[in-house]
Amino acid sequence: MPPLQQIKKKPNERRDILRVDRVEEMKTARRKRIYKRIAFSGTLLLILIGLVSAFSKHQKLLINDIVVSGNNIIEKKDIEQIINNSLSGNYVHLFARRDFLIYPKNKIERDLKEEFKRIINLNVSLLNYRTLSVDLTERKGEYLWCGDSFPEVDARSVISICYFSDSNGYIFDKAPYFSGNAYFKFYTGISDPNNPIGASALSTLEFKNILAFKNGLASFGILTDTFLINSDSDYEFLILAQGSINAPRIIFKKDQAYEKLLADLESALSAEPLATDFKAKLSSLEYLDLRYDNKVYYKFNK
């Protein structure tokens, strides 16, 4: 019985071997077809990339002109230099950045705003496929930030390096030297006083409150040209007083309500003897101290 069973298995084993060989041949043929397709597709892709690369570098497709509008202080040539730097070279060594279809608009805007803090609004677009348009709005220099601490001598007699700030206190550009009180000055601490551009003299809300206080003082005849934070962290205004050697000061605290301070000061200036002395001897006034509730302390130099 066992020998007969072995005889019956041999034909089945041969068929199994033939079937396995056939399957292997089919797999091998399938792999070859796949490899050929991959090779063909890869070659076609490389040819296509080469054609697109050559196409993107065609002179008729490259941005060649730059039109700048809205700039008053920033030089056009400086703007063009930043843009040309952003447009130079290729993406992955293949596709020209200057191609009008794929030029790096976001990078240009980012680079310009990073380089020129004076820019407040910016729009980069194409006038046509060879001309780039740059339309910008510049910040206006309305105030000066002149350092993190006030000089020991009156700052009006010191030539110091100052920087422009806008109406929100944002410091954006170095200012030329101005004599006199052409601009209201701020002396406040910032994170990096050696590199103030891009910082703020104060928070926006506090900056606007200080300006509102300044304008309130001016409304009843007290003109100031400087705000500073002194070594005791108290706030001070310097009063414009003709003939004074050291500017008279108005001293107050950060957390005081400025409307209340104005009311207290106006009341004090309407009472004698301060009412007469303030008008007659302003140049010899040393300070008006508003740090104490409902009281105004003052001192005149003899």
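What counts and how
Residues numbered from 1 in each chain as written. Predicted model: local features only at pLDDT ≥ 70, side-chain atom pairs only at ≥ 80, totals over all residues. Heavy atoms only, no water. Helix = DSSP H or I, 4+ residues; strand = E, 2+ residues; numbered from the N terminus. Contact = heavy atoms within 4.5 Å. Buried < 20%, exposed > 50% of the residue type's maximum accessible area, 1.4 Å probe, protein only. Pairing = 2+ DSSP bridges. Salt bridge = Lys/Arg side-chain N within 4 Å of Asp/Glu carboxyl O. Patch = residues over 30% accessible without salt bridge, like charges linked within 9 Å, V, L, I, M, F, W, Y side chains within 5 Å. Areas by Shrake-Rupley, 256 points an atom, 1.4 Å probe, with all protein chains shown as cover. Lys, Arg positive; Asp, Glu negative; His and termini not counted. Charge placed at Lys NZ, Arg CZ, Asp CG, Glu CD. Axes fitted to C-alpha atoms, helices over the stretch in contact; angles between N-to-C directions.

Asks: What's the story with the environment of Phe-116 in this structure? I'm lost.
Replies: Secondary-structure assignment places Phe-116 in the loop between α3 (105–115) and β4 (119–128). Along the chain, Phe-116 and Ile-74 lie 42 residues apart, while their C-alpha atoms are 7.9 Å from each other. Contact partners of Phe-116, with chain neighbours within four places excluded, come to Ile-74, Asp-78, Ile-79 and Ile-82.

Asks: Mind showing me how you'd approach the pairing of strand β1 (residues 65–69) here?
Replies: Sheet faces and side chains relate simply in a regular strand, where the side chains alternate between the two faces. Residues Ile-66 and Val-68 line the buried face of β1, whereas the alternating positions Asp-65, Val-67 and Ser-69 sit on a face that is not buried. In terms of strand pairing, β1 meets strand β5 (residues 131–138) through five bridges, oriented parallel. Each residue of the ladder has a partner; that of Val-68, found in β5, is Val-134.

Asks: I tried to follow the pattern of salt bridges on my own but got confused; where do I start?
Replies: A side chain of one charge can pair with a side chain of the opposite charge when the charged atoms of the two come close. Under the criterion given, the structure shown has 13 salt bridges. With its nearest N and O atoms 3.6 Å apart, the salt bridge here joins Lys-117 to Glu-114. We classify Glu-114 as exposed; its relative accessible area is 57%. Ionic pairing is found between Glu-236 and Arg-249, a salt bridge with its closest N-O pair at 3.4 Å. Here Glu-236, found in strand β11 (residues 235–239), pairs with Arg-249, found in strand β12 (residues 249–252); they are 13 residues apart in sequence, far enough to count as distant. Assessed through its relative accessible area of 5%, Glu-236 is described here as buried.

Asks: How do you make sense of a positive patch on the surface when you look at a structure like this?
Replies: On the surface, a cluster of positive charge is made up of Lys-27, Arg-30, Arg-31, Arg-33 and Arg-37. With respect to the element layout, Arg-31 can be found in helix α1 (residues 2–56).

Asks: What is the right way to look at the sheet that holds β1 in this model?
Replies: Strand-to-strand pairing in sheets goes through backbone hydrogen bonds, with the strands running parallel or antiparallel. The strand order across the open sheet built from three strands is β1-β5-β4, with neighbouring strands paired in mixed fashion. Each end of this open sheet is capped by a strand with a single partner; those strands are β1 and β4. Adjacent strand axes in the sheet meet at a mean angle of 20° when their direction is disregarded. The pairing of β4 with β5 spans eight bridges and is antiparallel. Bridge pairing links Ser-125 to Ser-133 in β5. Set on the sheet, helix α2 (residues 76–87) makes contact with β1 and β5; between it and β1 the angle comes to about 135°. Docked against the sheet, α3 engages β4 and β5, running at close to 145° with respect to β4.

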